[in-house]
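# Examining the three-dimensional arrangement
Here are the chains, one letter per residue:
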Amino acid sequence: MNWLGWLHDFLADPAHRSGPDSIVHRLLEHLAFSAEALGLSALVALPLGLLIGYSGRGLFLVTAVAGVARALPTLGLVTLAVLLAGVGDTAVLLPLTALAAPPMLVAAAEGVRGTDPDVRDAARGIGLTHPQTLLRVCVPAAAPTLLAGVRTASVQVIATATVAAYVGLGGLGRYVIDGLATRNYPTTVGGALLVVLLAVGVQLLFALLIRLAAPPGARSSPRTRARRTGGPSEDPATVPASPPALVKEVP
Amino acid sequence: MIRFEGAAKRHPDGTVAVRGLDLEVPAGRTTVLVGPSGCGKTTILRMVNRMVEPTAGRVLLDGTDVAALPAAGLRRGIGYVIQQAGLFPHRRVIDNVATVPRLLGWDRRRARARAAELLELVGLPPETARRYPAQLSGGQQQRVGVARALAADPPVLLMDEPFSAVDPLVRAGLQEELLRLQGELGKTVLFVTHDIEEAVRLGDRVVVLREHGEIAQLADPHTLLTAPADAGVAAFLGRDRGLRGLGLRPADSVPLTGLDPAPTPDLDLGRRIPYGGWELALDPSGRPEHWTRGAERHPVPVFVPSRDSLRAALDAALLAPSGHAVAVDAEGRAVGTASRAAVVEALAAANGTGTGAPTPEQVPHAGR
Ligand SMILES: Nc1ncnc2c1ncn2[C@@H]1O[C@H](COP(=O)(O)OP(=O)(O)OP(=O)(O)O)[C@@H](O)[C@H]1O
Ligand SMILES: [Mg+2]
């Protein structure tokens, strides 16, 4: 049987239509703890990154965190967390939160740091206080970079959240793992495909948000232009008409 | 009035940006700081709104030490324009201009109404209000920068090389506009430039600085050009400072020769007035059309005595093939001519009497 047939079997299975193992339920589970991990992470990483980027102090921390994060094996982290905290929510949330933090920290710091110095100077010069300059001038200017960081974090978390199933939590990872355990390939393939689709959907949603966040006008300064086009292609043609409004809970 | 009392700035790395400045900036006039790069102009300017804190001495604004005022509040009461405009890229033009009124607690409608007024004042068409800064030209952005600085009607305006990033033609337009605005508003303007031409054009008083913010000369533009304090200032003013000085003298001292009507048979086609081998052709309404000699035709260089400078008159006389500058009225109708000799005579007279400060009325473009 080819994989299209498997997919058909996966979708036709009544257990995947309703009940605790239904696709909708698994999807919601997956999204729920992905969003929780992202939210927690953003709560710490974004303000910290903004402050670091604005003050220019502690940039070494950002570089260090980014470097360490790249080297960390997520699966190992999850296993370690399970060993330390036992099977349960925390065991998965902790590493996922840790995974989401570096891209957001780096993006927040870089984005704010990249604000045109003349614009910052003018803001201070006409009487904005430091908090006003940060929140009303730097953050909007950094929004595209910031969102790109949140996007990277989201996609990583959504993909990695598949491993949550290892420690008994739900989510789309269940299909993959249960399918492997019972040699039920249709389930494994279906689950994997859903994870991929979800990740792509979130990518597209962010592509749209990033477009909306960039101020209109083609002739932005070279500095901001370089940043804005740093991410993967944001071709409007690839943006779906009604993107899945799934990661809205992420602050 | 702004008053610097021994104001100095030494940076932590030991660089002395300003050694100790004593200067009075009179209210309601334009004072221009000019000097070579790195001489401390920006530092001096930024001491006024506390973007730079003096390390010694003080800066008084209407008698109050600015160090005693809360920085943000102080700055909201002082207009500030910088070279790159520094507009907020994510805000529409109108909201950029409304920034300070909003900070001062005005409601959005009132702030926007005020901003719209200012856009008109600085000569921007209403449709620019809804645009974003990146959708404007450099010159337009600079106008928005000026509008933003004026939004809350501050009595003091600080301008740091506001026009140096635009091309010469646009710059001249912006300078003209600033003179007009200043004629209407009478702000206390402290203006920084490294362009001496701009300094003498805009300033009621020009402060020439040398290293470490030391004053090399403080004078009105005419005195500066005709009587530089020392060789250093003279070198900074450049070789053609004499010519520049002419730019400050009005052309109405040039004696004009009346037009000899000399009607020609084809009256309907205007008139032709002979000058040596050349003829000045006027259209039926009396506007100069061209200089002709045989089949040759040349454009007619003109000047407006009541508005233009001696430099413009000299230029017109030098460029005219016949050697006669044509004086025209505001509508462009010829009112007389001046030969090169006549213009040179006026130059000599102007320089003979020209050591004193000209009254503002005498300075072309500076009528306030
Ligand atoms: N943060 C700083 N640290 C050390 N030195 C500084 C600092 N800022 C300015 N300087 C120095 O102070 C001096 C005056 O600088 P300032 O910016 O006031 O010059 P300027 O006259 O405005 O020059 P320009 O025409 O190039 O704008 C310069 O020598 C500059 O190098
Ligand atoms: Mg400067």
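Above this text sits the structure in question.
Quick look at the structure, then. From a predicted model like this one, the values you see are computed outputs, not experimental measurements.

### Details of the overall build of chain A
Of the regular secondary structure elements, chain A holds 10 helices and 0 strands. Ordered by position from the N terminus, the helices and strands of chain A form the series α-α-α-α-α-α-α-α-α-α. In chain A, buried positions account for 49% of the 251 residues. Carbon and sulfur atoms make up 68% of the accessible area of chain A, which totals about 12100 Å².

### A short note on the interface of chain A and chain B
On the side of chain B, 24 residues touch chain A, which itself brings 21 residues to the contact. Across the chain A/chain B interface, buried area totals approximately 2000 Å², and carbon plus sulfur atoms make up 63% of it. On inspection of chain A and its partner chain B, the count reaches 1 salt bridge. The partner of A:Asp121 in a salt bridge is B:Arg46, with the nearest N and O atoms 2.8 Å apart. Among the elements that make up the side of chain A that touches chain B, the one with the highest residue count is helix α6 (residues 117-125) of chain A (7 residues). Partitioned by chemical class, the residues of the side of chain A that touches chain B number 10 nonpolar, 6 polar and 5 charged.

### Description of the sheet that holds strand β10 (residues 214-219) of chain B
Consider a sheet: its strands pair through backbone hydrogen bonds, and that pairing is either parallel or antiparallel. Residue and element names in this part refer to chain B. The 6 strands lie next to each other as β6-β7-β8-β3-β9-β10, forming an open sheet whose pairing is mixed. Two strands bound the open sheet, and with one partner strand each, they are β6 (78-81) and β10. Neighbour to neighbour, the strand axes of the sheet diverge by 15° on average, direction disregarded. Note: strand β3 (residues 30-34) against strand β8 (residues 188-193), 5 bridges, orientation parallel.

### Structural notes on the pattern of salt bridges
Residues and elements named next belong to chain B. Counted under the stated rule, the structure contains 25 salt bridges over all chains. Two residues, Glu-197 and Arg-311, come together in a salt bridge whose shortest N-O distance is 3.6 Å. Of the two residues, Glu-197 sits in helix α8 (residues 196-202) while Arg-311 sits in helix α12 (residues 310-319), which places them 114 residues apart along the sequence. Glu-197 gets classed as partly exposed once you look at its relative accessible area, which sits at 35%. Assessed through its relative accessible area of 29%, Arg-311 is described here as partly exposed. The partner of Glu-279 in a salt bridge is Arg-272, and the shortest N-O contact between them spans 3.4 Å. Residue classification places Glu-279 among the partly exposed positions, given a relative accessible area of 29%. Judged by its relative accessible area of 28%, Arg-272 falls in the partly exposed class. Bridged by salt links that share partners, the residues Arg-3, Glu-5, Glu-24 and Arg-58 form one connected network.

### Some words on the nonpolar core
Of all hydrophobic cores here, the largest spans 47 residues; its most connected members are B:Val97, B:Leu119, B:Met159, B:Phe163, B:Phe191 and B:Leu224. The dominant element in this core, judged by the number of residues it contributes, is helix α6 (residues 138-150) of chain B, at 5 residues. Once you skip the residues sitting within four places of it in the chain, B:Val97 turns out to touch B:Ala115, B:Leu118, B:Leu119, B:Val144, B:Ala147, B:Arg148 and B:Ala151. A:Leu93, A:Val112, A:Leu134 and A:Ala153 belong to the second-largest nonpolar core, a separate cluster that totals 43 residues.

### Here we look at the pairing of strand β2 (residues 16-25) of chain B
Residue and element names in this part refer to chain B. Pairing geometry for strand β1 (residues 2-10) and β2, over 6 bridges, is antiparallel. Residue Arg-10 lies in a different strand from β2, and its bridge partner there is Val-16. In sequence, β1 turns back onto β2 through a hairpin of 5 residues, with Gly-14 there showing a positive phi of about 95°.

### So, helix α5 (residues 108-121) of chain B
Counting along an α-helix, one turn takes 3.6 residues, and residues three or four places apart therefore face a common direction. Residues and elements named next belong to chain B. The end-to-end C-alpha distance of α5 is 20 Å, a good match for the 20 Å that 14 residues give at a rise of 1.5 Å each. Every buried residue belonging to α5 is among Ala-111, Arg-114, Ala-115, Leu-118 and Leu-119, and all of these are buried. Each buried residue of α5 sits inside an arc of 145° when the element is viewed along its axis, so together they form one side. In α5, those exposed residues whose orientation departs by more than 90 degrees from the buried face are Arg-109 and Glu-120. Looking at the buried side of α5, the elements it contacts are α3 (93-97), α4 (99-103) and α6. For α5, the N-terminal cap is Asp-107; the gap from its side-chain oxygen to the backbone nitrogen of Arg-109 is 3.1 Å.

### Examining the packing of aromatic side chains
The final tally for this structure, using the stated rule, is 4 aromatic pairs over all chains. Pairing A:Phe10 with A:Tyr175 gives two aromatic rings, centres 5.1 Å apart and planes at 85°, and the pair type is edge-to-face. In this pair, A:Phe10 is assigned in helix α1 (residues 3-12) and A:Tyr175 in helix α8 (residues 173-181), connecting sequence segments 165 residues apart. Of the two residues, A:Phe10 and A:Tyr175, both sit in the buried class. Sitting over the ring of B:Trp106, B:Arg110 keeps its end group 3.7 Å from the ring centre.

Reading the values: the criteria
- Residue positions are given per chain, counting from 1 as you read along its sequence in written order.
- Just so you know, chain letters begin at A and ligand numbers begin at 1, following the order they were written in.
- It should be noted that, the model being predicted, local features are given only for residues of pLDDT at least 70 and side-chain atom pairs only at 80 or more, the latter also being counted only at that level, while totals for whole chains, interfaces and linings use all residues.
- The side-chain figures draw on all heavy atoms in the structure; neither hydrogens nor water molecules are used.
- In this description a helix means any DSSP run of H or I spanning at least four residues, a strand means any run of E spanning at least two, and both kinds are numbered starting from the N terminus.
- Relative accessibility under 20% of the residue-type maximum defines a buried residue, over 50% an exposed one, and the middle range a partly exposed one, all with a 1.4 Å probe and only protein chains included.
- The Shrake-Rupley method, run with a 1.4 Å probe sphere, supplies the accessible areas, and residue values consider only the shown protein chains as cover.
- Contacts were defined at the residue level, with two residues in contact if any of their heavy atoms lie within 4.5 Å.
- As a working definition, buried area equals the accessible area (1.4 Å probe) given up by two parts on being put together, with both sides summed.
- Throughout this description, the term salt bridge denotes a Lys or Arg side-chain nitrogen within 4 Å of a carboxyl oxygen of Asp or Glu.
- Residues are grouped as follows: Ala, Val, Leu, Ile, Met, Phe, Trp, Tyr, Cys and Pro are nonpolar; Asp, Glu, Lys and Arg are charged; every other residue, Gly included, is polar.
- Two strands are said to pair when DSSP picks up at least two bridges between them.
- To get an axis, a line is fitted to the C-alpha atoms, and for a helix only the part in contact is used. The angle between two axes follows their N-to-C directions and goes from 0 to 180 degrees.
- Side-chain atoms within 4.5 Å link the members of a nonpolar core, which is a set of buried Ala, Val, Leu, Ile, Met, Phe, Trp, Tyr and Cys residues.
- Here, expected helix span is obtained from the residue count minus one, scaled by 1.5 Å.
- Arc definition: it is the arc formed by the directions from the helix axis to the C-beta atoms.
- Pairs of N or O atoms are called polar contacts if they sit within 3.5 Å, as long as, within protein, a hydrogen donor faces a hydrogen acceptor (for residues adjacent in sequence, only side-chain-to-side-chain pairs).
- Whether two aromatic rings pair depends on their centres lying within 6.5 Å, for rings of Phe, Tyr and Trp, where Trp uses its six-membered ring; planes under 30 degrees apart make the pair stacked, over 60 edge-to-face, and the rest tilted.
- Whether a charge sits over a ring comes down to the Lys NZ or Arg CZ being within 6 Å of the ring centre and within 35 degrees of the ring normal.

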